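Observations on the three-dimensional arrangement
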There are 2 protein chains.
Amino acid sequence: MTRKPEPPPAATTIVPFVHRLDAREEAVWIAAIEAANPFVALRPLSALTVEERDSAPVAIVANPDPAELRGLPALRWVQSLWAGVERLVPHTPAQVAIVRMVDPQLAATMAEAVLACALYLHRDMPLYARQQRARLWRQHDVRSAADRRIGVLGMGEMGAAAAHRLAANGFSVSGWSRSQKRIDGVETSYGADGLTRVLRRADILVIVLPLTEATHGLISAAALAQMKHGASIINFGRGAIVDEAALLARLDEGALQHAVLDVFAVEPLPRASPLWKHERITILPHIAAPTNVETASRIAAENLRLYFRDGAIPMAVDRNRGY
Amino acid sequence: MTRKPEPPPAATTIVPFVHRLDAREEAVWIAAIEAANPFVALRPLSALTVEERDSAPVAIVANPDPAELRGLPALRWVQSLWAGVERLVPHTPAQVAIVRMVDPQLAATMAEAVLACALYLHRDMPLYARQQRARLWRQHDVRSAADRRIGVLGMGEMGAAAAHRLAANGFSVSGWSRSQKRIDGVETSYGADGLTRVLRRADILVIVLPLTEATHGLISAAALAQMKHGASIINFGRGAIVDEAALLARLDEGALQHAVLDVFAVEPLPRASPLWKHERITILPHIAAPTNVETASRIAAENLRLYFRDGAIPMAVDRNRGY
C-alpha cells in the first residue's frame, strides 16, 4: 500500500447548521458533509461562540426556525438540504440568498417514482386491487402507452427528468411550466392557456410543481372540472397545490378515476382524514423523492468549497417566483 | 380524392378456424384476419364442405378441441392465435406443424407489465398499501434500481424484451434460459447451475417461461428455498411452473416479501382460493400480455399469404422443447 500524501494544513471553517432535525439525523448530516469537505466543521447554533455567530457568512439549513436565522447578522446565503423551500422564502431576511438543493440523483428518484405510479395507473393496478378484494376475475383491455397522454405540471429538474423518462417508456407526454421551456421529445406549453390545454388532454396528470404563491390552490375545483372524464392524478409536488375537498368530490362523482397522493396539506396525514380509506386514493407518505444524504452532502460540501475559495454563491431562489 | 386501382381478381382461399371462442370473439378475429388478407376466408368447421375439410392444408386455431383437428386429414400446419401452446402440443397430430403467435407488440406489452410490476415492488407499493389500510404514515428508504437485481427466467421474445426494458430503467438484470443466449446489457446464464445462481441473487424473480415438461414445477419448494430472504416473485409465465403451496408457505414465513401472480394452476382463479385474500399476494387476471387482435391478425394473415404464395411454413414449435 502506498500512503497518500498528507493534505496541506488548512484552517477549518466553522459553518452554522440551523435545523429542526432530531439528534440522529443531525449527526448523520454533519458526518456526511464534513466527510465530503474536510475543511468545514458544521456546528449547531448552541455550539457557536458569539464571534462565530456574528461573522458567519453562510449556514447550512434544514427547515430552520426563522428567528434563529435572524441571529446570524453577517449571513449572505443559506444552503438548504431540501429542494422545497416554501417555508424558507417568506421568513428569511431579504439580503440572504436562499440556495435550494438541486441534486441530479433526486431528479432521477423522482422520475422513477413518476414512472412507477404512471405505470401503476396505466396498467390498472388500483382497479385490479379492488377486484382482488372482491375475488373478481375480470380482464380489462390494455391500452398502448402511446395512447395515454401524461400531463406533467412543472418542468424544473424533477419535472423534466420525469417527462423524459415517461417519453422513453412510450407514453405521450405534455409538459407545462410557468415560463416557456423546451424539452426533447416532450410537447411543452406554458401560462394559463397552456395549462387549460394540458388539463383537457391529460389521461394522467402529474404534479411536480414547487409550492409558491402562484401554485397554491392552482389545481382548484375549476381546474379539476376541466379534466377529461376518467383521468387520474399523481401529486408529487405539495399538498396545498391541489384543492383536497374538490379532488375528493370529483373522485366520489366518478369524474376522476384515481389519485396517487404523496403530499398533503398537513403531514403526516392525520389519522382522521377521509383520504386514508378512500378506495380511489393511493396514499404514499412523502417518499417520491427523499433527499439522498450522500449525494446531497457532496453537493452542499462542493458549494461551500467554491464559496470559500472564490466567494461564489450558487444560483439562488428568485424570491418573486418562489423557487 | 384519387381512387385506388381495383386489386386484380383472385380466388378466395377457404381456411378452417378451429377454436373455443364465443360468437363475438370469433366474429372479431374473422373480420380482422380477412381485413388483413382479403384473399382468405375463415370458416368454422361446421361451415365447411366435406371437400374443404378433406383438403385444407392449414388452419387458424385458438385453443381447439384436439378431436376437431383430427377431422382435417390434409392438415400440414396450424397458426395459433396465442403465444402459449402447451395445450396444443400434446394433442396435435405429429405431422402437423404448430406455429405459435410471435408478435413484437406482445413482447412490448409483456416488457411493460414486467417493468410496471418490478417498479411496484421496487418502490414498496404493496407495503404502502398495507400501511394505508392501517392509517400508518411511515417512510422506508428508497433503494437505487442499480442495487436491485432482477432475475428474469425465460429469454424468449418476451423475456428478452422485459430484460432490456428493466436494464434501460436502471435495474441490474440477470437473465436465465434453458439454452445459452446473449442479450445486450443483461448478464445471462443457463442450465441448472445458472438457475441456482439467479435464484440466489435475485431481489425480484420474474417468470416469463413457457409451460413445458421441463418448466412444470420448476419453481419448487427447493427452488424457492434457494431464494434470498425478503425477495419477491412475479409470475407472468404459467401457474403450473410455480409450486403454489410452497410459495404460500414461504410468504407466510416471511422468507419471501411479496408475489405478483397473473397466472394460476386453475384459471379463472377459484373464488375459494386462499390466494385472493393473502396480503402479500397481488392477483392479476392473466392480463400481463393479452393478445392484440389487430397486430396478431396481421401476423397470421401475412403467414397465410406467404404460405399460399410460396408454400413457406413459418418456424414451428419444437415438439421436444415444447415451444
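Reading guide: rules and limits
- Residues numbered from 1 in each chain as written.
- Chains lettered and ligands numbered in written order.
- Predicted model: local features only at pLDDT ≥ 70, side-chain atom pairs only at ≥ 80, totals over all residues.
- Heavy atoms only, no water.
- Phe/Tyr/Trp six-rings, centres within 6.5 Å; stacked < 30°, edge-to-face > 60°.
- Helix = DSSP H or I, 4+ residues; strand = E, 2+ residues; numbered from the N terminus.
- Buried < 20%, exposed > 50% of the residue type's maximum accessible area, 1.4 Å probe, protein only.
- Lys NZ or Arg CZ within 6 Å of the ring centre and 35° of its normal.
- Pairing = 2+ DSSP bridges.
- Axes fitted to C-alpha atoms, helices over the stretch in contact; angles between N-to-C directions.
- Core = buried A, V, L, I, M, F, W, Y, C linked by side-chain atoms within 4.5 Å.
- Contact = heavy atoms within 4.5 Å.
- Least-squares fit on C-alpha atoms with pLDDT ≥ 70 in both.
- Salt bridge = Lys/Arg side-chain N within 4 Å of Asp/Glu carboxyl O.
- Polar contact = N/O pair within 3.5 Å; in protein donor to acceptor, adjacent residues only side chain to side chain.
- Buried area = accessible area lost by both parts, 1.4 Å probe.
- Nonpolar A, V, L, I, M, F, W, Y, C, P; charged D, E, K, R; others polar.

**Focus: the packing of aromatic side chains**
The description of two aromatic rings rests on the distance between their centres and on the angle between their planes. Counted by the stated rule, this structure contains 9 aromatic pairs over all chains. When the ring of B:Trp77 is compared with that of B:Tyr307, the centres are 5.4 Å apart and the planes differ by 70°; the resulting orientation is edge-to-face. Here B:Trp77 is found in strand 4 (residues 77–80), whereas its partner B:Tyr307 is found in helix 10 (residues 293–310), with 230 residues between them in sequence. Classification of B:Trp77 by relative accessible area gives buried; the value is 0%. Residue B:Tyr307 is classed as buried on the basis of its relative accessible area of 9%. Ring pairing ties together the aromatic residues A:Trp77, A:Tyr307 and A:Phe308, which thus form one cluster. Here the guanidinium or amino end of A:Arg321 rests over the ring plane of A:Tyr323, the centre of that ring lying 4.2 Å away.

**Some thoughts on the sheet that holds strand 6 (residues 149–153) of chain A**
Residue and element names in this part refer to chain A. Read from one edge of the open sheet, 7 strands run 8-7-6-9-10-11-12, paired in parallel fashion. On the outer flanks of this sheet lie strand 8 (187–190) and strand 12 (281–283), each paired with one strand and no other. This sheet shows a mean twist of 15° between the axes of neighbouring strands, independent of strand direction. The pairing of strand 6 with strand 9 (residues 204–207) spans 4 bridges and is parallel. By the bridge assignment for strand 9, Val-152 is matched with Val-206.

**Here we look at the sheet that holds strand 6 (residues 149–153) of chain B**
Residues and elements named next belong to chain B. Ordered in space as 8-7-6-9-10-11-12, the 7 strands form an open sheet in which the pairing is parallel. Since the sheet does not close on itself, it has two edges, and those belong to strand 8 (187–190) and strand 12 (281–283), each with one partner. In this sheet, adjacent strand axes meet at a mean angle of 15° when their direction is disregarded. Inspection of the sheet shows strand 7 (residues 172–177) paired to strand 8 by 4 bridges, in the parallel sense.

**A look at the nonpolar core**
Membership of the largest hydrophobic core comes to 75 residues, with the highest contact counts inside it found for A:Phe236 and B:Phe236. Ignoring sequence-local partners within four residues, the contact set of A:Phe236 consists of A:Met110, A:Ala113, A:Val114, A:Cys117, A:Ile207, A:Val260, A:Asp262, A:Val263, A:Leu284 and A:Ala288. Core analysis: the next-biggest nonpolar cluster, separate from the first, contains 33 residues, B:Ala231, B:Ile233, B:Leu261 and B:Leu275 among them.

**Quick notes on the relation of the copies chain A and chain B**
Aligned on chain B, chain A shows an RMSD of 0.1 Å; the corresponding rotation is 180° and the shift along the axis is 0.0 Å. Here the symmetry operator amounts to a two-fold rotation axis. The rotation axis passes nearest to the C-alpha of A:Ala116 in chain A, at a distance of 3.1 Å.

**Here's the deal with the pattern of salt bridges**
Throughout the structure, instances matching the rule amount to 26 salt bridges over all chains. A salt bridge links A:Lys228 to A:Asp203; the shortest N-O distance between them is 2.8 Å. On the criterion of sequence distance, the pair formed by A:Lys228 in the loop between helix 8 (221–225) and strand 10 (231–235) and A:Asp203 in the loop between helix 7 (191–201) and strand 9 is long-range, its members being 25 residues apart. Classification of A:Lys228 as partly exposed rests on a relative accessible area of 33%. By relative accessible area, which is 10% here, A:Asp203 ends up buried. Across the pair B:Arg305 and B:Glu302 runs a salt bridge, and its minimum N-O distance is 2.9 Å. Remark: B:Glu302 and B:Arg305 occur in helix 10; sequence separation between them is 3 residues, near one turn of the helix. For B:Arg305, a relative accessible area of 36% gives the class partly exposed. Within this structure, A:Arg149, A:Glu187, A:Arg197 and A:Arg201 form a network of salt bridges that share partners.

**Thoughts on the side chain of A:His258**
Residues and elements named next belong to chain A. Relative to the elements of secondary structure, His-258 occurs in strand 11 (residues 256–261). Accessibility expressed as a relative area gives 4% for His-258, which makes it buried. Side chain to side chain, His-258 and Thr-282 meet in a polar contact 2.7 Å long.

**What to know about the interface of chain A and chain B**
With 47 residues of chain A at the contact, the number on the chain B side is 47 residues. For the pair chain A and chain B, the two sides together bury roughly 4000 Å², of which 60% comes from carbon and sulfur. Of all residues in chain A, A:Gln132, A:Arg135 and A:Trp137 bury the most surface against chain B, accounting for 23% of the area lost on that side. Viewed at the interface, chain B and chain A are joined by 2 salt bridges. Of the charged contacts, one joins A:Glu112 and B:Arg123 as a salt bridge, the two residues approaching to 3.0 Å between their closest N and O atoms. On the surface where chain A and chain B come into contact, there are 29 residue pairs in polar contact (both at pLDDT 80 or more). Breaking the side of chain A that touches chain B down by element, the ones donating at least two residues are helix 4 (104–122), helix 5 (125–133) and strand 12 of chain A. The leading source of residues in the side of chain A that touches chain B is helix 4 of chain A, at 9 residues. Classifying every residue of the side of chain A that touches chain B gives 26 nonpolar, 11 polar and 10 charged.

**Notes on the pairing of strand 9 of chain A**
Residue and element names in this part refer to chain A. Going residue by residue along strand 9, you find Ile-204 and Val-206 tucked away on one face and Leu-205 and Ile-207 tucked away on the opposite face as well. The pairing of strand 9 with strand 10 spans 4 bridges and is classified as parallel. Looking at strand 10, one finds that Leu-205 is bridged to Ile-233.

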